[in-house]
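# Structural features, examined
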Amino acid sequence: QVQLVESGGGLVQAGGSLRLSCSASGSTFRPNTIGWHRQAPGKQRELVVAVSIGGATNYGDSVKGRFTISRDNAKNTVYLQMNDLKLEDTAVYYCGMTFGPRAYWGQGTQVTVSS
């Protein structure tokens, strides 16, 4: 079993920054992929960023140059640094990990960007 818990969401003004954290527990040994997705009102869930462990990092087009994923293996924590936030970034953000065909998700954390 894998359990993921996001934190760090909140209200921020456009142009501001926020860092999300994802704490992992359970059977988190050597996932295939880690990353973040988001779902905004009226939109389908979309990729924010995904990292193939030991491989490439893939950012969604809308966040390239503004968001950065990082990982602290010792703390079993994944971060999403979000800079230059825009109103369109308002969404529930979900941390995820994959192990083969299985995907695990956190409960999500709300990010609201105001004008």
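Now for a description of the structure that goes with this document. Every residue gets a number counted from 1 within its own chain, in the order that chain's sequence is written. Reporting of local features is limited, given that this is a predicted model, to residues whose pLDDT is at least 70; pairs of side-chain atoms are given and counted only at 80 or more, and all residues count toward the totals for whole chains, interfaces and linings. No hydrogens and no water enter the side-chain calculation; it runs on all heavy atoms of the structure.

Before going further, it helps to examine the state of the cysteines. The term disulfide refers to a covalent linkage connecting the sulfur atoms of a pair of cysteines. When the sulfur atoms of two cysteines come within 2.5 Å, that pair is taken as a disulfide. Per the stated rule, a full pass over the model turns up 1 disulfide. The disulfide partner of Cys22 is Cys95, and the gap between their sulfur atoms is 2.0 Å. Of note, the bridge from Cys22 to Cys95 carries an S-S torsion of about -75 degrees and is left-handed in sense. Taken together, the residues Cys22 in strand β3 (residues 18–26) and Cys95 in strand β9 (residues 91–99) connect sequence positions 73 residues apart. Working definition: helices are DSSP H or I runs of at least four residues, strands are E runs of at least two. Numbering for both runs from the N terminus.

Let's shift gears to the environment of Gln39. With respect to the element layout, Gln39 can be found in strand β4 (residues 33–39). Sequence spacing of Gln39 and Gly108 is 69 residues, and the spatial spacing of their C-alpha atoms is 9.5 Å. Any two residues whose heavy atoms approach within 4.5 Å are treated as being in contact. Once you skip the residues sitting within four places of it in the chain, Gln39 turns out to touch Gln44, Arg45, Ala91, Val92 and Tyr94. Under the rule applied, a polar contact is a pair of N or O atoms within 3.5 Å (in protein, one hydrogen donor and one hydrogen acceptor; residues adjacent in sequence only if both atoms are side-chain atoms). Among the polar contacts made by the side chain of Gln39, one reaches the main-chain carbonyl oxygen of Lys43 at a distance of 3.4 Å.

Buried, partly exposed and exposed residues are distinguished by accessible area as a fraction of the type maximum, computed with a 1.4 Å probe on protein chains only: under 20%, between the cut-offs, and over 50%, respectively. Of all 7 residues that make up β4, 5 are buried, and the element is covered over most of its length. Strands are labelled as partners when DSSP assigns at least two bridges between them. The loop that links β4 with its antiparallel partner strand β5 (residues 46–52) comprises 6 residues; one of these, Gly42, has a positive phi angle of about 80 degrees. Pairing analysis gives 7 bridges linking β4 to β9, with the strands arranged antiparallel. Paired with Trp36 across the strands is Cys95, a residue of β9.

This paragraph deals with the pairing of β5. Across 6 bridges, β4 lies against β5 in antiparallel orientation. Across the sheet, the residue bridging to Gly35 is Ala50, located in β5. As paired elements, β5 and strand β6 (residues 57–59) share 3 bridges and run antiparallel to each other. Its bridge partner lying in β6, Val51 is registered against Thr57. As consecutive antiparallel partners, β5 and β6 are separated by 4 residues, and within that stretch Gly54 has a phi angle of approximately 80 degrees, a positive value.

A few words on the sheet that holds strand β8 (residues 77–82). By way of backbone hydrogen bonds, the strands of a sheet pair with one another, either parallel or antiparallel. The antiparallel open sheet is built from 4 strands, whose spatial order is β1-β3-β8-β7. At either end of the open sheet lies a strand with only one pairing partner, and these are β1 (2–7) and β7 (67–72). Strand after strand, the sheet turns through a mean of 20 degrees between neighbouring axes, direction not considered. Pairing geometry for β1 and β3, over 6 bridges, is antiparallel. Its bridge partner lying in β3, Val2 is registered against Gly26. Axis angles are defined between N-to-C directions and span 0 to 180 degrees, where every axis is a line fitted to C-alpha atoms and, for a helix, only to the segment in contact.

A word on unusual backbone geometry. Trans is the prevailing form of peptide bonds, just as negative phi is the prevailing case for residues other than glycine. Notably, Asn76 is not glycine yet its phi reads approximately 50 degrees, a positive angle. By the secondary structure assignment, Asn76 is in the loop between β7 and β8. A relative accessible area of 38% means that Asn76 is categorised as partly exposed. Of note in this structure, Asp84 is not a glycine but carries a positive phi near 50 degrees. Structurally, Asp84 can be placed in the loop between β8 and β9. A relative accessible area of 42% means that Asp84 is categorised as partly exposed.

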